[in-house]
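# Summary of structural features
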Amino acid sequence: MQQKNIRSSQKVIIIGAGATGMAIATSLTRHSHHSITIFSTDRHTAYSQCGMPFAIGGQIDSLDSLVLREPKTFRDMGIDLRLETRVDSIDIEQKTVTSAGEKYPYDKLVIATGSSPIIPPIPGTSLENVLTLRTLSDAKRIEKALENTSNVVIIGGGSIGAEMAAATSQRNVDTTLINRSTSILSHNLDPDMADIVHEHLSSLGVKVITGYAPGSINGEKEVNSVTIASSEFPADLVILSTGVSPENKLASDAGIDIGETGGIIVDNYLQPSVNGMICKDIYCGGECVEVHDTITGKAMLSQVASTARRMAGIITNNLTSVSTEFGPILNPWVAVIGELQVGTTGITSKKAMENDIKIVTGLATGSTRADYYPGGKQLFIKLIFSEQYLVGAQVVGGEGVKERIDALTLAINKKTTVEELANIETCYAPPVSMLIDPVSFAAKGALKKMSKRRS
(Lines give C-alpha, C1' and ligand atoms only; values in the text may rest on other atoms or scores of the structure.)
Protein backbone atom coordinates (compact mmCIF):
# COMPACT_ATOMS: atom_id res chain seq x y z
CA MET A 1 0.00 0.00 0.00
CA GLN A 2 1.41 3.37 -0.99
CA GLN A 3 1.88 6.31 1.36
CA LYS A 4 -0.81 8.95 1.78
CA ASN A 5 -1.54 10.64 -1.53
CA ILE A 6 -0.23 14.20 -1.42
CA ARG A 7 -1.89 15.30 -4.66
CA SER A 8 -4.74 17.80 -4.63
CA SER A 9 -7.93 16.79 -2.90
CA GLN A 10 -10.81 15.39 -4.92
CA LYS A 11 -14.49 15.37 -4.03
CA VAL A 12 -15.61 11.78 -3.50
CA ILE A 13 -19.30 11.04 -3.06
CA ILE A 14 -20.29 7.62 -1.75
CA ILE A 15 -23.88 6.44 -2.02
CA GLY A 16 -24.47 3.81 0.65
CA ALA A 17 -23.12 3.55 4.19
CA GLY A 18 -22.89 -0.22 4.46
CA ALA A 19 -19.85 -2.50 4.62
CA THR A 20 -18.46 -1.29 1.29
CA GLY A 21 -19.18 2.43 1.55
CA MET A 22 -17.95 2.95 5.10
CA ALA A 23 -14.80 0.89 4.61
CA ILE A 24 -13.91 2.99 1.57
CA ALA A 25 -14.59 6.24 3.43
CA THR A 26 -12.50 5.40 6.49
CA SER A 27 -9.62 4.04 4.44
CA LEU A 28 -9.59 7.08 2.15
CA THR A 29 -9.25 9.39 5.14
CA ARG A 30 -6.04 7.56 6.06
CA HIS A 31 -4.53 7.25 2.60
CA SER A 32 -5.61 10.42 0.78
CA HIS A 33 -6.66 14.03 1.19
CA HIS A 34 -9.97 13.51 -0.58
CA SER A 35 -13.11 15.29 0.59
CA ILE A 36 -15.69 12.58 1.33
CA THR A 37 -19.48 12.85 1.48
CA ILE A 38 -21.66 9.80 2.19
CA PHE A 39 -25.39 9.58 1.54
CA SER A 40 -27.43 6.77 3.09
CA THR A 41 -31.15 6.14 3.50
CA ASP A 42 -30.38 4.12 6.64
CA ARG A 43 -30.65 5.81 10.04
CA HIS A 44 -27.70 3.81 11.36
CA THR A 45 -24.24 3.06 10.05
CA ALA A 46 -21.18 0.96 10.90
CA TYR A 47 -23.12 -1.93 12.38
CA SER A 48 -22.99 -5.68 11.82
CA GLN A 49 -25.94 -6.90 9.79
CA CYS A 50 -24.63 -10.45 10.12
CA GLY A 51 -24.90 -10.24 13.90
CA MET A 52 -28.58 -9.30 14.02
CA PRO A 53 -30.06 -12.83 14.25
CA PHE A 54 -27.73 -13.60 17.15
CA ALA A 55 -28.70 -10.47 19.05
CA ILE A 56 -32.36 -11.38 18.54
CA GLY A 57 -31.60 -14.94 19.68
CA GLY A 58 -29.89 -13.73 22.85
CA GLN A 59 -26.30 -14.80 22.13
CA ILE A 60 -25.35 -11.11 21.91
CA ASP A 61 -26.45 -8.80 24.73
CA SER A 62 -28.28 -6.24 22.64
CA LEU A 63 -28.78 -4.96 19.13
CA ASP A 64 -27.06 -1.72 20.12
CA SER A 65 -23.85 -3.64 20.76
CA LEU A 66 -23.71 -4.38 17.02
CA VAL A 67 -22.92 -0.71 16.35
CA LEU A 68 -19.17 -0.64 15.87
CA ARG A 69 -18.78 3.14 15.60
CA GLU A 70 -21.14 6.02 16.21
CA PRO A 71 -21.77 8.57 13.42
CA LYS A 72 -19.87 11.21 15.42
CA THR A 73 -16.69 9.16 15.01
CA PHE A 74 -16.83 9.49 11.24
CA ARG A 75 -17.77 13.15 11.34
CA ASP A 76 -14.83 13.80 13.66
CA MET A 77 -12.63 12.19 10.99
CA GLY A 78 -13.83 14.84 8.54
CA ILE A 79 -16.33 12.65 6.70
CA ASP A 80 -19.57 14.40 5.74
CA LEU A 81 -21.98 11.62 6.74
CA ARG A 82 -25.63 12.18 5.80
CA LEU A 83 -27.90 9.48 7.20
CA GLU A 84 -31.60 9.17 6.37
CA THR A 85 -30.85 11.08 3.18
CA ARG A 86 -31.84 9.82 -0.25
CA VAL A 87 -30.00 10.50 -3.49
CA ASP A 88 -32.67 11.07 -6.13
CA SER A 89 -30.56 11.01 -9.27
CA ILE A 90 -27.07 10.84 -10.77
CA ASP A 91 -26.00 12.98 -13.73
CA ILE A 92 -22.95 11.27 -15.21
CA GLU A 93 -22.24 13.96 -17.81
CA GLN A 94 -22.41 16.83 -15.30
CA LYS A 95 -20.78 14.69 -12.56
CA THR A 96 -23.38 15.56 -9.95
CA VAL A 97 -25.82 13.78 -7.68
CA THR A 98 -29.12 15.34 -6.63
CA SER A 99 -30.62 15.01 -3.15
CA ALA A 100 -33.70 16.92 -1.95
CA GLY A 101 -33.45 19.24 -4.95
CA GLU A 102 -29.83 20.21 -4.34
CA LYS A 103 -27.01 19.23 -6.69
CA TYR A 104 -23.67 17.96 -5.31
CA PRO A 105 -20.68 17.84 -7.68
CA TYR A 106 -18.15 15.01 -7.50
CA ASP A 107 -14.78 14.17 -8.95
CA LYS A 108 -15.23 10.48 -8.12
CA LEU A 109 -18.45 8.65 -7.32
CA VAL A 110 -18.87 5.34 -5.50
CA ILE A 111 -22.19 3.49 -5.84
CA ALA A 112 -22.60 1.02 -2.96
CA THR A 113 -26.37 0.97 -2.63
CA GLY A 114 -26.60 -2.67 -1.51
CA SER A 115 -29.79 -4.64 -1.96
CA SER A 116 -33.39 -4.56 -0.84
CA PRO A 117 -35.72 -7.33 0.37
CA ILE A 118 -37.85 -9.17 -2.15
CA ILE A 119 -41.49 -9.07 -1.06
CA PRO A 120 -43.36 -12.16 -2.28
CA PRO A 121 -46.50 -11.53 -4.35
CA ILE A 122 -49.00 -12.87 -1.82
CA PRO A 123 -51.92 -11.16 -0.08
CA GLY A 124 -51.29 -9.66 3.35
CA THR A 125 -47.67 -8.51 3.16
CA SER A 126 -48.71 -4.98 4.15
CA LEU A 127 -50.31 -6.04 7.46
CA GLU A 128 -48.77 -4.87 10.73
CA ASN A 129 -46.15 -7.21 12.17
CA VAL A 130 -45.21 -8.53 8.72
CA LEU A 131 -41.55 -7.54 8.73
CA THR A 132 -38.27 -8.00 6.89
CA LEU A 133 -34.77 -8.15 8.37
CA ARG A 134 -32.34 -5.98 6.45
CA THR A 135 -31.35 -3.02 8.61
CA LEU A 136 -30.75 -2.43 12.29
CA SER A 137 -34.07 -0.58 12.39
CA ASP A 138 -35.74 -3.73 11.01
CA ALA A 139 -34.10 -5.80 13.72
CA LYS A 140 -35.33 -3.43 16.43
CA ARG A 141 -38.88 -3.67 15.08
CA ILE A 142 -38.66 -7.47 15.16
CA GLU A 143 -37.19 -7.37 18.68
CA LYS A 144 -40.09 -5.22 19.89
CA ALA A 145 -42.69 -7.39 18.15
CA LEU A 146 -41.25 -10.52 19.78
CA GLU A 147 -42.04 -9.11 23.22
CA ASN A 148 -45.71 -9.96 22.59
CA THR A 149 -45.37 -12.87 20.17
CA SER A 150 -46.44 -16.45 20.80
CA ASN A 151 -46.24 -17.70 17.20
CA VAL A 152 -43.89 -16.58 14.45
CA VAL A 153 -43.94 -17.73 10.84
CA ILE A 154 -40.77 -17.21 8.81
CA ILE A 155 -41.22 -17.28 5.04
CA GLY A 156 -38.04 -18.27 3.25
CA GLY A 157 -35.51 -20.97 4.16
CA GLY A 158 -32.26 -19.31 3.12
CA SER A 159 -29.48 -18.48 5.56
CA ILE A 160 -31.25 -15.54 7.24
CA GLY A 161 -34.53 -17.45 7.48
CA ALA A 162 -32.82 -20.48 9.01
CA GLU A 163 -30.75 -18.36 11.44
CA MET A 164 -33.88 -16.46 12.49
CA ALA A 165 -35.83 -19.69 12.98
CA ALA A 166 -33.15 -20.88 15.39
CA ALA A 167 -33.13 -17.46 17.10
CA THR A 168 -36.88 -17.25 17.70
CA SER A 169 -37.10 -20.88 18.85
CA GLN A 170 -34.36 -20.13 21.39
CA ARG A 171 -36.65 -17.41 22.74
CA ASN A 172 -39.31 -20.10 23.32
CA VAL A 173 -41.51 -18.71 20.56
CA ASP A 174 -43.50 -21.27 18.56
CA THR A 175 -41.71 -21.07 15.20
CA THR A 176 -42.70 -22.23 11.72
CA LEU A 177 -40.27 -22.01 8.81
CA ILE A 178 -41.74 -22.22 5.30
CA ASN A 179 -39.62 -22.77 2.22
CA ARG A 180 -40.86 -22.95 -1.36
CA SER A 181 -38.04 -25.28 -2.41
CA THR A 182 -38.12 -28.93 -1.35
CA SER A 183 -35.08 -28.38 0.87
CA ILE A 184 -33.88 -25.44 2.93
CA LEU A 185 -30.68 -23.54 2.09
CA SER A 186 -31.12 -24.71 -1.51
CA HIS A 187 -28.80 -22.02 -2.94
CA ASN A 188 -25.97 -23.16 -0.69
CA LEU A 189 -26.35 -26.87 0.01
CA ASP A 190 -27.27 -30.07 -1.77
CA PRO A 191 -30.45 -31.67 -0.36
CA ASP A 192 -28.56 -34.44 1.48
CA MET A 193 -26.53 -31.86 3.40
CA ALA A 194 -29.53 -29.56 3.90
CA ASP A 195 -31.40 -32.47 5.52
CA ILE A 196 -28.91 -32.38 8.41
CA VAL A 197 -29.78 -28.73 9.08
CA HIS A 198 -33.50 -29.47 8.67
CA GLU A 199 -33.30 -32.18 11.31
CA HIS A 200 -31.39 -29.91 13.67
CA LEU A 201 -33.99 -27.14 13.37
CA SER A 202 -36.71 -29.71 14.03
CA SER A 203 -34.84 -30.81 17.16
CA LEU A 204 -34.99 -27.19 18.36
CA GLY A 205 -38.77 -27.26 18.01
CA VAL A 206 -39.02 -25.45 14.67
CA LYS A 207 -41.78 -26.69 12.36
CA VAL A 208 -40.03 -26.84 8.99
CA ILE A 209 -42.34 -26.99 5.96
CA THR A 210 -40.71 -27.42 2.56
CA GLY A 211 -42.11 -27.59 -0.95
CA TYR A 212 -44.85 -25.03 -0.30
CA ALA A 213 -45.29 -21.32 -0.78
CA PRO A 214 -47.76 -19.54 1.52
CA GLY A 215 -51.11 -18.77 -0.08
CA SER A 216 -51.84 -15.70 2.02
CA ILE A 217 -50.99 -13.79 5.17
CA ASN A 218 -54.21 -13.19 7.07
CA GLY A 219 -55.59 -10.54 9.39
CA GLU A 220 -57.53 -7.28 9.39
CA LYS A 221 -54.95 -4.79 10.66
CA GLU A 222 -52.37 -7.03 12.28
CA VAL A 223 -51.39 -10.48 11.09
CA ASN A 224 -53.04 -13.42 12.85
CA SER A 225 -52.28 -16.41 10.62
CA VAL A 226 -50.63 -17.70 7.45
CA THR A 227 -52.32 -20.05 5.01
CA ILE A 228 -50.16 -22.87 3.68
CA ALA A 229 -51.92 -25.24 1.26
CA SER A 230 -55.24 -25.85 3.01
CA SER A 231 -53.98 -25.26 6.55
CA GLU A 232 -53.79 -22.11 8.65
CA PHE A 233 -50.88 -21.52 10.99
CA PRO A 234 -51.30 -18.96 13.79
CA ALA A 235 -48.90 -16.03 13.59
CA ASP A 236 -48.50 -12.91 15.72
CA LEU A 237 -45.40 -12.07 13.66
CA VAL A 238 -44.36 -12.93 10.11
CA ILE A 239 -40.76 -12.46 8.99
CA LEU A 240 -40.26 -12.31 5.23
CA SER A 241 -36.90 -13.79 4.28
CA THR A 242 -37.47 -14.52 0.61
CA GLY A 243 -34.23 -13.10 -0.71
CA VAL A 244 -32.91 -9.72 -1.78
CA SER A 245 -32.41 -7.96 -5.10
CA PRO A 246 -29.68 -5.45 -6.05
CA GLU A 247 -30.65 -1.84 -5.37
CA ASN A 248 -29.88 -0.67 -8.90
CA LYS A 249 -32.53 1.98 -9.69
CA LEU A 250 -30.23 5.00 -9.25
CA ALA A 251 -27.61 3.45 -11.50
CA SER A 252 -30.12 2.26 -14.07
CA ASP A 253 -31.87 5.64 -14.24
CA ALA A 254 -28.46 7.25 -14.85
CA GLY A 255 -27.94 4.99 -17.87
CA ILE A 256 -25.48 2.59 -16.24
CA ASP A 257 -25.53 -0.92 -17.69
CA ILE A 258 -27.33 -3.57 -15.63
CA GLY A 259 -26.71 -7.28 -16.06
CA GLU A 260 -29.12 -10.20 -16.34
CA THR A 261 -28.71 -10.87 -12.62
CA GLY A 262 -29.99 -7.37 -11.82
CA GLY A 263 -26.56 -6.27 -10.63
CA ILE A 264 -24.51 -3.40 -12.03
CA ILE A 265 -22.04 -4.59 -14.68
CA VAL A 266 -18.47 -3.64 -13.75
CA ASP A 267 -15.02 -4.29 -15.18
CA ASN A 268 -12.09 -5.79 -13.28
CA TYR A 269 -11.46 -2.42 -11.62
CA LEU A 270 -15.09 -2.28 -10.41
CA GLN A 271 -15.99 0.52 -12.78
CA PRO A 272 -19.41 0.50 -14.48
CA SER A 273 -20.29 1.29 -18.08
CA VAL A 274 -22.88 3.17 -20.07
CA ASN A 275 -23.72 1.43 -23.34
CA GLY A 276 -20.53 -0.55 -22.95
CA MET A 277 -18.28 2.48 -22.40
CA ILE A 278 -16.49 2.50 -19.03
CA CYS A 279 -17.25 5.40 -16.67
CA LYS A 280 -13.75 6.36 -15.50
CA ASP A 281 -14.95 8.49 -12.58
CA ILE A 282 -17.34 5.96 -11.02
CA TYR A 283 -16.79 2.80 -8.97
CA CYS A 284 -19.39 0.32 -7.76
CA GLY A 285 -19.17 -2.29 -5.02
CA GLY A 286 -21.13 -4.54 -2.69
CA GLU A 287 -24.40 -6.36 -3.22
CA CYS A 288 -25.56 -4.03 -6.02
CA VAL A 289 -22.76 -5.31 -8.29
CA GLU A 290 -22.62 -8.28 -10.64
CA VAL A 291 -19.56 -10.52 -10.21
CA HIS A 292 -18.40 -13.73 -11.91
CA ASP A 293 -18.27 -17.31 -10.72
CA THR A 294 -14.78 -18.86 -10.77
CA ILE A 295 -16.07 -22.28 -11.80
CA THR A 296 -18.80 -21.49 -14.33
CA GLY A 297 -17.53 -18.12 -15.51
CA LYS A 298 -21.10 -16.84 -15.40
CA ALA A 299 -22.38 -13.63 -13.84
CA MET A 300 -23.69 -13.93 -10.30
CA LEU A 301 -24.51 -11.90 -7.21
CA SER A 302 -22.58 -12.12 -3.97
CA GLN A 303 -24.38 -11.31 -0.74
CA VAL A 304 -21.64 -12.05 1.77
CA ALA A 305 -19.91 -9.37 3.81
CA SER A 306 -16.43 -10.67 3.01
CA THR A 307 -16.95 -9.96 -0.71
CA ALA A 308 -18.22 -6.45 0.06
CA ARG A 309 -15.17 -5.76 2.20
CA ARG A 310 -12.77 -7.05 -0.46
CA MET A 311 -14.45 -4.80 -3.03
CA ALA A 312 -13.99 -1.85 -0.67
CA GLY A 313 -10.25 -2.53 -0.60
CA ILE A 314 -10.07 -2.72 -4.40
CA ILE A 315 -11.98 0.55 -4.84
CA THR A 316 -9.90 2.33 -2.19
CA ASN A 317 -6.71 1.23 -3.92
CA ASN A 318 -7.93 2.50 -7.28
CA LEU A 319 -9.05 5.81 -5.78
CA THR A 320 -5.56 6.28 -4.32
CA SER A 321 -3.79 5.41 -7.58
CA VAL A 322 -2.86 1.84 -6.63
CA SER A 323 -4.23 -0.01 -9.66
CA THR A 324 -5.92 -3.21 -8.41
CA GLU A 325 -8.23 -5.72 -10.06
CA PHE A 326 -11.11 -7.80 -8.68
CA GLY A 327 -11.42 -11.22 -10.29
CA PRO A 328 -13.94 -14.08 -10.26
CA ILE A 329 -15.00 -15.47 -6.87
CA LEU A 330 -15.99 -18.75 -5.24
CA ASN A 331 -18.24 -16.94 -2.75
CA PRO A 332 -17.39 -18.99 0.37
CA TRP A 333 -20.21 -18.80 2.91
CA VAL A 334 -20.71 -19.87 6.50
CA ALA A 335 -23.68 -19.63 8.84
CA VAL A 336 -24.41 -20.67 12.40
CA ILE A 337 -27.89 -22.15 12.78
CA GLY A 338 -28.66 -23.16 16.34
CA GLU A 339 -25.79 -25.40 17.41
CA LEU A 340 -24.73 -26.15 13.84
CA GLN A 341 -22.10 -24.45 11.72
CA VAL A 342 -22.86 -24.68 8.00
CA GLY A 343 -20.45 -23.75 5.22
CA THR A 344 -20.03 -24.04 1.48
CA THR A 345 -17.69 -22.92 -1.30
CA GLY A 346 -17.63 -23.34 -5.06
CA ILE A 347 -20.54 -24.94 -6.87
CA THR A 348 -23.28 -27.27 -5.66
CA SER A 349 -24.44 -30.39 -7.50
CA LYS A 350 -27.48 -28.43 -8.70
CA LYS A 351 -25.34 -25.67 -10.17
CA ALA A 352 -23.11 -28.27 -11.81
CA MET A 353 -26.16 -29.83 -13.47
CA GLU A 354 -27.45 -26.43 -14.62
CA ASN A 355 -24.09 -25.77 -16.28
CA ASP A 356 -23.61 -29.27 -17.77
CA ILE A 357 -20.59 -29.91 -15.57
CA LYS A 358 -20.00 -33.60 -14.94
CA ILE A 359 -19.11 -34.22 -11.33
CA VAL A 360 -18.13 -36.92 -8.86
CA THR A 361 -18.86 -36.44 -5.17
CA GLY A 362 -17.30 -37.80 -2.02
CA LEU A 363 -18.98 -37.91 1.39
CA ALA A 364 -17.53 -38.45 4.85
CA THR A 365 -18.64 -38.27 8.44
CA GLY A 366 -16.13 -37.68 11.19
CA SER A 367 -15.50 -35.86 14.44
CA THR A 368 -13.78 -32.63 15.36
CA ARG A 369 -11.78 -34.36 18.08
CA ALA A 370 -10.38 -37.82 18.85
CA ASP A 371 -13.18 -40.24 19.73
CA TYR A 372 -11.96 -40.60 23.31
CA TYR A 373 -11.56 -36.84 23.87
CA PRO A 374 -14.64 -35.20 25.42
CA GLY A 375 -16.64 -32.53 23.60
CA GLY A 376 -16.13 -33.67 20.03
CA LYS A 377 -18.75 -32.65 17.45
CA GLN A 378 -19.85 -34.53 14.36
CA LEU A 379 -18.67 -33.28 10.99
CA PHE A 380 -20.37 -34.00 7.67
CA ILE A 381 -18.30 -33.26 4.58
CA LYS A 382 -19.21 -33.35 0.90
CA LEU A 383 -16.63 -32.68 -1.80
CA ILE A 384 -17.47 -32.12 -5.46
CA PHE A 385 -14.94 -32.86 -8.20
CA SER A 386 -14.94 -32.26 -11.94
CA GLU A 387 -12.24 -33.64 -14.23
CA GLN A 388 -10.26 -34.67 -11.14
CA TYR A 389 -10.29 -31.12 -9.71
CA LEU A 390 -12.09 -29.89 -6.61
CA VAL A 391 -14.89 -27.49 -7.64
CA GLY A 392 -17.16 -27.44 -4.58
CA ALA A 393 -17.31 -28.30 -0.89
CA GLN A 394 -20.00 -28.38 1.79
CA VAL A 395 -19.35 -28.84 5.51
CA VAL A 396 -21.87 -29.13 8.35
CA GLY A 397 -20.91 -29.70 11.96
CA GLY A 398 -20.78 -28.48 15.52
CA GLU A 399 -17.38 -26.79 15.13
CA GLY A 400 -14.44 -26.52 12.78
CA VAL A 401 -16.50 -25.64 9.70
CA LYS A 402 -15.16 -22.19 8.81
CA GLU A 403 -11.54 -23.32 8.93
CA ARG A 404 -12.20 -26.18 6.54
CA ILE A 405 -14.23 -24.03 4.14
CA ASP A 406 -11.41 -21.46 4.07
CA ALA A 407 -8.85 -24.20 3.32
CA LEU A 408 -11.07 -25.82 0.68
CA THR A 409 -11.64 -22.44 -0.99
CA LEU A 410 -7.89 -22.09 -1.36
CA ALA A 411 -7.73 -25.68 -2.63
CA ILE A 412 -10.26 -24.92 -5.38
CA ASN A 413 -8.41 -21.78 -6.42
CA LYS A 414 -5.15 -23.75 -6.53
CA LYS A 415 -6.80 -26.43 -8.74
CA THR A 416 -6.22 -29.18 -6.21
CA THR A 417 -6.87 -32.71 -7.50
CA VAL A 418 -8.80 -35.49 -5.86
CA GLU A 419 -5.57 -37.48 -5.34
CA GLU A 420 -3.88 -34.54 -3.65
CA LEU A 421 -6.81 -34.10 -1.25
CA ALA A 422 -7.03 -37.85 -0.60
CA ASN A 423 -3.39 -37.77 0.50
CA ILE A 424 -3.46 -34.36 2.17
CA GLU A 425 -0.94 -33.80 4.95
CA THR A 426 -2.66 -32.60 8.13
CA CYS A 427 -1.73 -31.99 11.74
CA TYR A 428 -3.22 -33.86 14.71
CA ALA A 429 -3.91 -33.36 18.41
CA PRO A 430 -6.76 -35.15 20.23
CA PRO A 431 -8.48 -31.94 21.50
CA VAL A 432 -8.81 -30.50 17.99
CA SER A 433 -8.87 -33.28 15.40
CA MET A 434 -9.09 -36.90 14.41
CA LEU A 435 -5.84 -38.59 13.38
CA ILE A 436 -7.00 -38.44 9.72
CA ASP A 437 -9.13 -35.46 8.79
CA PRO A 438 -12.58 -36.33 7.35
CA VAL A 439 -11.73 -34.18 4.30
CA SER A 440 -9.27 -36.90 3.31
CA PHE A 441 -11.94 -39.59 3.70
CA ALA A 442 -14.37 -37.65 1.51
CA ALA A 443 -11.72 -37.29 -1.20
CA LYS A 444 -10.90 -40.99 -1.00
CA GLY A 445 -14.59 -41.77 -1.45
CA ALA A 446 -14.70 -39.69 -4.63
CA LEU A 447 -11.44 -41.24 -5.86
CA LYS A 448 -12.90 -44.71 -5.40
CA LYS A 449 -15.95 -43.75 -7.50
CA MET A 450 -13.67 -42.43 -10.24
CA SER A 451 -11.63 -45.62 -10.22
CA LYS A 452 -14.78 -47.75 -10.63
CA ARG A 453 -15.90 -45.63 -13.58
CA ARG A 454 -12.56 -46.11 -15.30
CA SER A 455 -12.49 -49.88 -14.77
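Attention in this report is confined to the structure presented alongside it. Everything numeric here is computed off the predicted structure, so don't read it as measured data.

Counting its regular elements, the protein contains twelve helices and 27 strands. The globule rule puts the C-alpha radius of gyration for 455 residues at 23 Å, and the 23 Å found for the protein is close to it. Overall size of the protein, expressed as C-alpha extent along the three principal axes, is 65 × 55 × 40 Å. Evaluated residue by residue, the protein yields a buried proportion of 53% over its 455 residues. A separation threshold of at least 6 residues defines the contact pool for the protein, and within that pool the share at least 24 residues apart is 63%. Carbon together with sulfur atoms contributes 49% to the accessible area of the protein, which is approximately 21300 Å² in total.

Here we take up the state of the cysteines. Applying the stated criterion across every chain yields a total of zero disulfides. With no disulfide of its own, Cys50 lies closest to Cys288 among cysteine sulfurs, the gap being 16 Å. Its relative accessible area of 52% is what places Cys50 among the exposed residues. Summary of cysteine pairing: Cys284 is not part of a disulfide, and the nearest cysteine sulfur, belonging to Cys288, is at 5.9 Å.

The geometry of helix α1 (residues 19-31) relative to helix α8 (residues 305-319) is characterised by a closest axis approach of 8 Å and an angle of 35° between their N-to-C directions. The handedness of the crossing between α1 and α8 comes out as right-handed. Taken together, the residues of α8 that come into contact with α1 (itself represented by Ala19, Thr20, Ala23, Ile24, Ser27 and Leu28) are Ala308, Arg309, Ala312, Ile315, Thr316 and Leu319. Here the residues of the contact of α1 with α8 are counted per class, giving eight nonpolar, three polar and one charged.

As a further point, take helix α6 (residues 191-203). Here α6 contains 13 residues, and its C-alpha end-to-end distance of 18 Å stays within 8% of the 18 Å for a straight helix at 1.5 Å per residue. Taken as a whole, α6 has its buried residues at Met193, Ala194, Ile196, Val197, His200 and Leu201. Mapping the buried residues of α6 onto a view down its axis gives an arc of 145°, with all of them on the same face. Of the exposed residues in α6, those oriented more than 90 degrees away from the buried face are Glu199 and Ser203.

Right, let's talk about the packing of aromatic side chains for a bit. Tallying each qualifying case throughout the model produces one aromatic pair. A ring pair is formed by Phe39 and Tyr104, whose centres lie 5.2 Å apart and whose planes are at 65°; its orientation type is edge-to-face. Of this pair, Phe39 sits in strand β2 (residues 35-39) while Tyr104 sits in strand β6 (residues 102-105), and the two are 65 residues apart along the sequence. Side by side, Phe39 and Tyr104 carry an identical accessibility label, which is buried.

What follows is about the environment of Ala235. One can find Ala235 in the loop between β15 (231-234) and β16 (237-240). When its relative accessible area of 1% is taken as the criterion, Ala235 is described as buried. Separated by 52 residues in sequence, Ala235 and Glu287 have C-alpha atoms that sit 31 Å apart. Among all residues touching Ala235, those that are not within four sequence positions of it are Asn151, Val153, Val223, Asn224, Ser225 and Val226.

By size, the foremost hydrophobic cluster in this structure holds 49 residues, and its most contacted members are Ile38, Ile90, Val97, Leu109, Val110 and Ile111. Listed by contribution, the elements that provide at least two residues to this core are β1 (11-15), α1, β2, β7 (108-111), α7 (249-253), β20 (282-284) and α8. Each residue touching Ile38, except ones within four places of it in the same chain, is listed here: Ile14, Gly16, Ala17, Met22, Ala25, Ile79, Asp80, Leu81 and Arg82. Ranked by size, the runner-up nonpolar core spans 41 residues in total, among them Leu136, Ile142, Ala335 and Ile337.

So, about unusual backbone geometry. The phi angle at Gln388 is positive, at roughly 80°, despite the residue not being glycine. On the secondary structure map, Gln388 appears in the loop between β26 (378-386) and β27 (389-397). With relative accessibility at 30%, the residue Gln388 sits in the partly exposed group.

Taken in spatial order, the five strands make up an open sheet running β23-β24-β27-β26-β25, and their pairing is antiparallel. Two strands in the sheet have a free side with no partner beyond their single neighbour: β23 (333-337) and β25 (360-367). This sheet shows a mean twist of 15° between the axes of neighbouring strands, independent of strand direction. Relative to β26, β25 runs antiparallel, the two sharing eight bridges. Counterpart to Ser367 in the pairing with β26 is Gln378. Helix-sheet contacts for helix α12 (residues 438-454) involve β25 and β26, and the interaxial angle to β25 is about 150°.

Parameters and conventions
- Residues numbered from 1 in each chain as written.
- Predicted model: local features only at pLDDT ≥ 70, side-chain atom pairs only at ≥ 80, totals over all residues.
- Heavy atoms only, no water.
- Helix = DSSP H or I, 4+ residues; strand = E, 2+ residues; numbered from the N terminus.
- Rg over C-alpha atoms; globule rule 2.2 N^0.38 Å.
- Buried < 20%, exposed > 50% of the residue type's maximum accessible area, 1.4 Å probe, protein only.
- Contact = heavy atoms within 4.5 Å.
- Areas by Shrake-Rupley, 256 points an atom, 1.4 Å probe, with all protein chains shown as cover.
- Disulfide = S-S within 2.5 Å.
- Axes fitted to C-alpha atoms, helices over the stretch in contact; angles between N-to-C directions.
- Left-handed = near helix turned anticlockwise from the far one by under 90°.
- Nonpolar A, V, L, I, M, F, W, Y, C, P; charged D, E, K, R; others polar.
- Expected span 1.5 Å × (residues − 1).
- Arc of directions from axis to C-beta.
- Phe/Tyr/Trp six-rings, centres within 6.5 Å; stacked < 30°, edge-to-face > 60°.
- Core = buried A, V, L, I, M, F, W, Y, C linked by side-chain atoms within 4.5 Å.
- Pairing = 2+ DSSP bridges.

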